[in-house]
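One letter stands for each residue in the lines below.
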Amino acid sequence: MAIAFSQGFACRTQLSFNLPLINRFHKIRPSFTVAAIGSLVESLNAHNNNNDNDDLHISTAKNAKVGGHDEYKPHEWKKLCSKELGIRTSKITNPAKTVLNVLRKKGYEVYLVGGCVRDLVLKRTPKDFDILTTAELKEVMRAFPHCEIVGRRFPICHVHVDDAVIEVSSFSTTGRKFGKKSKSSMRRPSGCNECDYIRWNNCMQRDFTINGLMFDPFARLVYDYIGGMEDIQKAKVRCIIPANTSFVEDCARILRGIRIAARLGFRFSRETSHFLKELSHSLLRLDKGRIHMEMNYMLAYGSAEASLRLLWKFGLLEILLPIQASYLISHGFRRRDKRSNMLLSLFASLDKLLAPDRPCHSCLWCSFRVLYQ
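Caption draft 1: Molecular detail of the nonpolar core. Of all hydrophobic cores here, the largest spans 83 residues; its most connected members are Leu 112 and Leu 311. Examining the composition of this core, we find that 8 residues originate from one element, helix H8 (residues 252-264), more than from any other. In contact with Leu 311, not counting residues within four places along its chain, are Leu 255, Ile 258, Met 295, Met 298, Leu 316, Leu 317 and Leu 320. Listed in part, the 18 residues of the second largest apolar core include Trp 77, Tyr 111, Cys 203 and Tyr 223.

Caption draft 2: The pattern of salt bridges, seen in detail. Going through the model one piece at a time under the given rule, you end up with 16 salt bridges. In this structure, the salt-bridge partner of Arg 253 is Glu 249, at a minimum N-O distance of 3.6 Å. Accessibility expressed as a relative area gives 32% for Glu 249, which makes it partly exposed. The salt bridge partner of Glu 318 is Arg 335, with a shortest N-O separation of 2.5 Å. Note that Glu 318 is positioned in helix H12 (residues 317-320) and Arg 335 in the loop between helix H13 (322-330) and helix H14 (342-351), a separation of 17 residues in sequence. What emerges from the salt-bridge pattern is a single network uniting Lys 79, Asp 196 and Arg 199.

Caption draft 3: Representation of the sheet that holds strand S7 (residues 78-81). Spatially, the 8 strands line up as an open sheet ordered S7-S14-S13-S8-S9-S12-S11-S10, and their pairing is mixed. At either margin of the open sheet sits one strand with a lone partner, and together these are S7 and strand S10 (147-150). The sheet shows a mean angle of 30 degrees between the axes of neighbouring strands, taken without regard to direction. Looking at chain direction, strand S9 (residues 130-133) and strand S12 (residues 164-170) are connected through 4 bridges and run parallel. Directly across from Thr 133, in S12, lies its bridge partner Ser 170. Helix H1 (residues 94-105) rests against strand S8 (110-113), S9, strand S11 (156-161) and S12 of the sheet, and its axis sits at about 40 degrees to S12. Sitting on the sheet, helix H5 (residues 194-203) touches S7, S8, S9, strand S13 (214-216) and strand S14 (221-224), and the angle it makes with S13 is about 135 degrees.

Caption draft 4: Summary view of the confidence of the model for the protein chain. Chain-level statistics for the protein chain give a pLDDT mean of 80 and a share of 73% at 70 or above. For residues 178-185, every residue scores under 50 in pLDDT, and the model assigns this stretch 5 contacts once sequence neighbours within four places are set aside.

About the criteria used
- Residues numbered from 1 in each chain as written.
- Predicted model: local features only at pLDDT ≥ 70, side-chain atom pairs only at ≥ 80, totals over all residues.
- Heavy atoms only, no water.
- Core = buried A, V, L, I, M, F, W, Y, C linked by side-chain atoms within 4.5 Å.
- Buried < 20%, exposed > 50% of the residue type's maximum accessible area, 1.4 Å probe, protein only.
- Helix = DSSP H or I, 4+ residues; strand = E, 2+ residues; numbered from the N terminus.
- Contact = heavy atoms within 4.5 Å.
- Salt bridge = Lys/Arg side-chain N within 4 Å of Asp/Glu carboxyl O.
- Pairing = 2+ DSSP bridges.
- Axes fitted to C-alpha atoms, helices over the stretch in contact; angles between N-to-C directions.
- pLDDT = per-residue confidence, 0-100.

Encoded structure:
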């Protein structure tokens, strides 16, 4: 059913945009404007946010220097109109809309977070949709008949809708997870209200700035507290906190960074690139199941060739796929080589048939690997 939005905009969606906000958050009035972005590059820094008392100019990361260059600089907190960013809610899958609507109708705040927001801004098809809510996980369990809580260190809900699984996390859970962090690193910035602080605090727990965006599809607002939109404009993958700290906390972020850069054609920031190489051997701490999952994300979703090239460039291929690395060496491949060979050509051909929403089974790319063993 097509539902018309205000200002004459319409799309195919099940989302309702007229439900009241819960008391924990103030009602947000989108009184600002941003430049229309037929070209994304021209719009990201066109306007400052002028929402009531929320026109903040706050630094969200400490300075880190690599080779004399400042990696982290203060970023303005921004609230951007999703319509003017060109985000289409019709790209949100029906299972994700179902979860959003059910939680919203029960009075909870809901946001799309992570890579799906980045992809919507870039007008790409998201691989999946992650939802963040003010509901407790037990309340999410009660809201859906087919739901389970998974994970011990960081529990989330897997909500089964049709044939899809939607991951739902809670503000309260992420708050407990990072409650042991030093007070200095997570101190409330001066001048922000409770709503902005809660959202900012959650964004600071994520891996890369371009994954740190929040999208409220009901208020039609994208929240950017850590410079994610600026880095999307620059086509840059940059850690939210200093990269050495980020990769030590979770070395799997190294593989996620490779996957994101390969899929989007982005480059790494100077500091992130430095510690990606420096800490590459920490991947040996990951169990085989986790490595297989991350490799499947790289190779089975349409960006396998680019992923292999980046793994080779950063010296990770020798760690993860040593036989394939030996094959490249035997063919005289250099780190920045633009040539191709049979292995890369096979994956390039595979990539033409795949997409984030149309992956292959892992046995297919595994068979390619076997050819070169």
